[in-house]
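Listed below, chain by chain, are the residues.
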Amino acid sequence: FGCDGMEDSHTIGVLYDKKTKILFCLDSLPNFIKEVKKYQTILKRYIFKSPNKEIKKIIFSNKHQQNFNEYTCNNWAIANIEALQSALKEGKTINNTRQLNAVLPDNINKILQEQHNYVLANS
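Residues numbered from 1 in each chain as written. Predicted model: local features only at pLDDT ≥ 70, side-chain atom pairs only at ≥ 80, totals over all residues. Heavy atoms only, no water.

Points about the environment of Tyr-71
For step 1, the next point in the chain: Mapped onto the fold, Tyr-71 is located in the loop between β3 (57–60) and α2 (73–89).
For step 2, the next point in the chain: Relative accessible area serves as the criterion here: at 65%, Tyr-71 is assigned to the exposed category.
For step 3, the next point in the chain: With 62 residues separating them in the primary sequence, Tyr-71 and Ser-9 have C-alpha atoms 9.5 Å apart. (Helix = DSSP H or I, 4+ residues; strand = E, 2+ residues; numbered from the N terminus. Buried < 20%, exposed > 50% of the residue type's maximum accessible area, 1.4 Å probe, protein only.)

So this is what it looks like as structure tokens:
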């Protein structure tokens, strides 16, 4: 994974909802980036070819949370998982990308501050 032939790593969050049998792939990069669209297509194809029939649907976020040259994907992945878990626990129905994007956070500075406070409180 990388841009312009450069190799790099990227972290996404993945959350499976047993109730709806939906696999949520939480990506902080928008899917208008061709490399993102390519890996999402490959991932979707691989998951549905697997013998596991528990997954009925895959929903990818496409909210533009970070730019390609930023290194905040780990922070976004954790925050996105927490936000989605909270929304599902509250009983929100999430059946498409638009509904998924609506529950995901927007502010990296708030996320970093919350993570910083968590580390200080738990170290």
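Anyway, onward from the coordinates.
Some details on the packing of α2 against helix α4 (residues 108–121)
For step 1, the next point in the chain: Where α2 meets α4, the closest approach of the two axes is 10 Å, and the angle between their N-to-C directions is 85°. The pairing of α2 with α4 is recorded here as roughly perpendicular in orientation. Counting all contacts with α2, which are made through Asn-75, Trp-76, Ile-78 and Ala-79, the residues of α4 involved are Ile-108, Ile-111, Leu-112 and Gln-115.
For step 2, the next point in the chain: Split by residue class, the contact of α2 with α4 holds six nonpolar, two polar and no charged. (Axes fitted to C-alpha atoms, helices over the stretch in contact; angles between N-to-C directions. Parallel < 35°, antiparallel > 145°, perpendicular 65-115°, else oblique. Contact = heavy atoms within 4.5 Å. Nonpolar A, V, L, I, M, F, W, Y, C, P; charged D, E, K, R; others polar.)

Concerning the pairing of strand β1 (residues 13–17)
For step 1, the next point in the chain: Across the two faces of β1 the burial differs, with Gly-13, Leu-15 and Asp-17 buried and Val-14 and Tyr-16 not buried at all.
For step 2, the next point in the chain: Pairing of β1 with strand β2 (residues 22–26), which is carried by five bridges, proceeds in the antiparallel orientation. What sits directly across from Val-14, in β2, is Cys-25.
For step 3, the next point in the chain: The turn joining β1 and β2, which pair antiparallel and follow one another in sequence, is formed by four residues; a positive phi near 60° is taken by Lys-21. (Pairing = 2+ DSSP bridges.)

A look at the confidence of the model for the chain
For step 1, the next point in the chain: Counting all residues, the mean pLDDT for the chain is 89, and 93% of those residues have values of 70 or more.
For step 2, the next point in the chain: Per-element confidence in the chain is highest for helix α3 (residues 97–103), whose mean pLDDT is 97, and lowest for helix α1 (residues 34–49), whose mean pLDDT is 81. (pLDDT = per-residue confidence, 0-100.)

Structural notes on the pattern of salt bridges
A pair can form between side chains of opposite charge whenever their charged atoms are brought close.
For step 1, the next point in the chain: Evaluated as defined, the whole model comprises three salt bridges.
For step 2, the next point in the chain: With its nearest N and O atoms 2.7 Å apart, the salt bridge here joins Asp-106 to Lys-63. Placement of the pair is Asp-106 in the loop between α3 and α4 and Lys-63 in the loop between β3 and α2, with a sequence separation of 43 residues.
For step 3, the next point in the chain: A relative accessible area of 16% means that Lys-63 is categorised as buried.
For step 4, the next point in the chain: Measuring nitrogen to oxygen at the nearest pair gives 3.9 Å for the salt bridge that ties Lys-92 to Glu-90.
For step 5, the next point in the chain: Relative accessible area serves as the criterion here: at 45%, Lys-92 is assigned to the partly exposed category. (Salt bridge = Lys/Arg side-chain N within 4 Å of Asp/Glu carboxyl O.)

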